[in-house]
Amino acid sequence: MRVLPRSLFGRLVLLLVAAVALAVLTSILMFRMERSTLLNRQLSETRLVQLQAIRAALAGADGPQRRGTLDRLSADYGVRIIAESERPMRGQPPGGPLMQELAERLRERLGPETEIRFAPRAQMLFVRVVAANVPYWIGIPVPPRPPADEFPTRALVWTLVVLAFLLIAAYGFARYLARPLRDLNATVE
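What counts, and where the lines are drawn
Residues numbered from 1 in each chain as written. Predicted model: local features only at pLDDT ≥ 70, side-chain atom pairs only at ≥ 80, totals over all residues. Heavy atoms only, no water. Pairing = 2+ DSSP bridges. Helix = DSSP H or I, 4+ residues; strand = E, 2+ residues; numbered from the N terminus. Axes fitted to C-alpha atoms, helices over the stretch in contact; angles between N-to-C directions. Contact = heavy atoms within 4.5 Å. Buried < 20%, exposed > 50% of the residue type's maximum accessible area, 1.4 Å probe, protein only. Core = buried A, V, L, I, M, F, W, Y, C linked by side-chain atoms within 4.5 Å. Parallel < 35°, antiparallel > 145°, perpendicular 65-115°, else oblique. Left-handed = near helix turned anticlockwise from the far one by under 90°. Nonpolar A, V, L, I, M, F, W, Y, C, P; charged D, E, K, R; others polar.

A.B. asks: So what exactly am I meant to see when it comes to the sheet that holds strand 1 (residues 80-83) here?
C.D. replies: Two pairing modes exist for strands in a sheet, parallel and antiparallel, and in both the strands are linked by backbone hydrogen bonds. One open sheet accounts for four strands, arranged 1-4-3-2; its pairing is antiparallel. In the strand order of this sheet, the two ends are held by strand 1 and strand 2 (115-119), each with one partner. This sheet shows a mean twist of 25° between the axes of neighbouring strands, independent of strand direction. Pairing between strand 3 (residues 124-131) and strand 4 (residues 134-141): eight bridges, direction antiparallel. Across the sheet, residue V129 finds its bridge partner in strand 4, namely Y136. Across the sheet, helix 1 (residues 8-58) lies against strand 1, strand 3 and strand 4, angled at about 145° from strand 4, the strand it touches most.

Here's what the structure looks like:
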């Protein structure tokens with residue numbers, strides 16, 4: 001029983017398809033890892049700047065119009081702001097290296113009193129900040145994760161295009177390389 005094709009064209013096609021399949025699989029896996037890291041980094045940097053702006057705005061929110069200021073800031077930034085005196089603790093401490101890294105970066109930039117809590121039911125990340133000696137919990141909506149089984153269709157299309165070009169190239173190489181053998185066979189006959 002033969003596993004490899006007998007013809008030169010078949011062997012070239014098998015070799016090229018295996019090489020392209022390995023390259024595409026590696027590229028897709030690396031792309032997903034880099035994309036995930038980049039999106040998480042961008043989300044955390046964006047949220048960090050947003051939290052700094054909210055904290056600066058909260059520093060001037062005292063007096064009777066504080067509730068109105070909190071509501072306006074919540075609507076403007078698309079977050080939920082709650083004074084810690086109204087609700088002392090929200091959610092559970094987040095786990096995982098990504099969230100630990102985010103917590104450390106928030107503490108570095110916003111101060112050591114900064115805490116992070118995750119509310120899975122509400123799909124919000126609550127960050128405790130202190131502005132003008134008043135602690136607040138700022139609830140930031142967590143974007144939904146893209147489905148893990150999502151296969152990039154663009155990668156599939158490009159893979160098929162590359163395979164088509166490689167098949168044409170393999171056919172041309174096989175014809176060119178086999179010409180002396182055809183000529184020898186014709187001479188022998």
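A.B. asks: Please clarify how the environment of L48 should be interpreted in this entry.
C.D. replies: On the secondary structure map, L48 appears in helix 1. With a relative accessible area of 2%, L48 lands in the buried category. In this structure the C-alpha to C-alpha distance between L48 and L166, which are 118 residues apart in sequence, comes to 48 Å. Not counting residues up to four positions away in its chain, the partners in contact with L48 are L106, R109 and L110.

A.B. asks: I would appreciate a short explanation of the side chain of T114 in the present structure.
C.D. replies: Within the secondary structure, T114 sits in the loop between helix 3 (97-110) and strand 2. Using a relative accessible area of 1% as the deciding quantity, one classes T114 as buried.

A.B. asks: Sorry if this is basic, but what is going on with the pairing of strand 4 here?
C.D. replies: Alignment of strand 1 against strand 4, held across four bridges, turns out to be antiparallel. Its bridge partner lying in strand 4, A83 is registered against Y136. Counting the residues that bridge the hairpin from strand 3 to strand 4 gives two residues, and of these A132 lies at a positive phi of roughly 55°.

A.B. asks: What is the right way to look at the nonpolar core in this model?
C.D. replies: Considering soluble globular proteins, one finds that nonpolar side chains tend to be buried as a cluster. Core analysis: the largest hydrophobic core is formed by 23 residues, its most contacted members being L51, L58, I81, L106, Y136 and I138. Of all the secondary structure elements, the ones that give two or more residues to this core are helix 1, helix 2 (66-77), strand 1, helix 3, strand 2, strand 3 and strand 4. When residues in this core are grouped by element, the largest group, five residues, is from helix 3. Of all hydrophobic cores here, the second largest spans five residues; its members include I82, A119, M124 and W137.

A.B. asks: It is not clear to me how the environment of S44 should be interpreted in this structure. Could you clarify?
C.D. replies: Position of S44 among the secondary structure elements: in helix 1. For S44, a relative accessible area of 9% gives the class buried. Sequence separation of S44 and A103 is 59 residues, and the distance between their C-alpha atoms is 9.9 Å. When sequence neighbours within four positions are dropped, the list of residues in contact with S44 reads L102 and R105.

A.B. asks: What exactly am I supposed to notice about unusual backbone geometry here?
C.D. replies: Peptide bonds are, in most cases, trans, and in most cases residues other than glycine have a negative phi. Here A132, not a glycine, exhibits a phi torsion of approximately 55°, which is positive. Mapped onto the fold, A132 is located in the loop between strand 3 and strand 4.

A.B. asks: What is the right way to look at the packing of helix 1 against helix 4 (residues 153-188) in this model?
C.D. replies: Helix packing geometry: the angle between the two helix axes and the distance between the axes. Where helix 1 contacts helix 4, the two axes come as close as 9 Å, and the packing angle between them is 155°. Taken together, the axes of helix 1 and helix 4 lie roughly antiparallel to each other. Considering how the two elements wind past one another, helix 1 and helix 4 form a crossing that is right-handed. Two secondary-structure elements touch here, helix 1 through L8, F9, L12, V13, L16, V17, V20, V24 and I28 and helix 4 through A155, T159, V162, L163, L166, L167, A170, Y171, F173, A174 and L177. Along the lines of polarity and charge, the residues of the contact of helix 1 with helix 4 split into 19 nonpolar, one polar and no charged.

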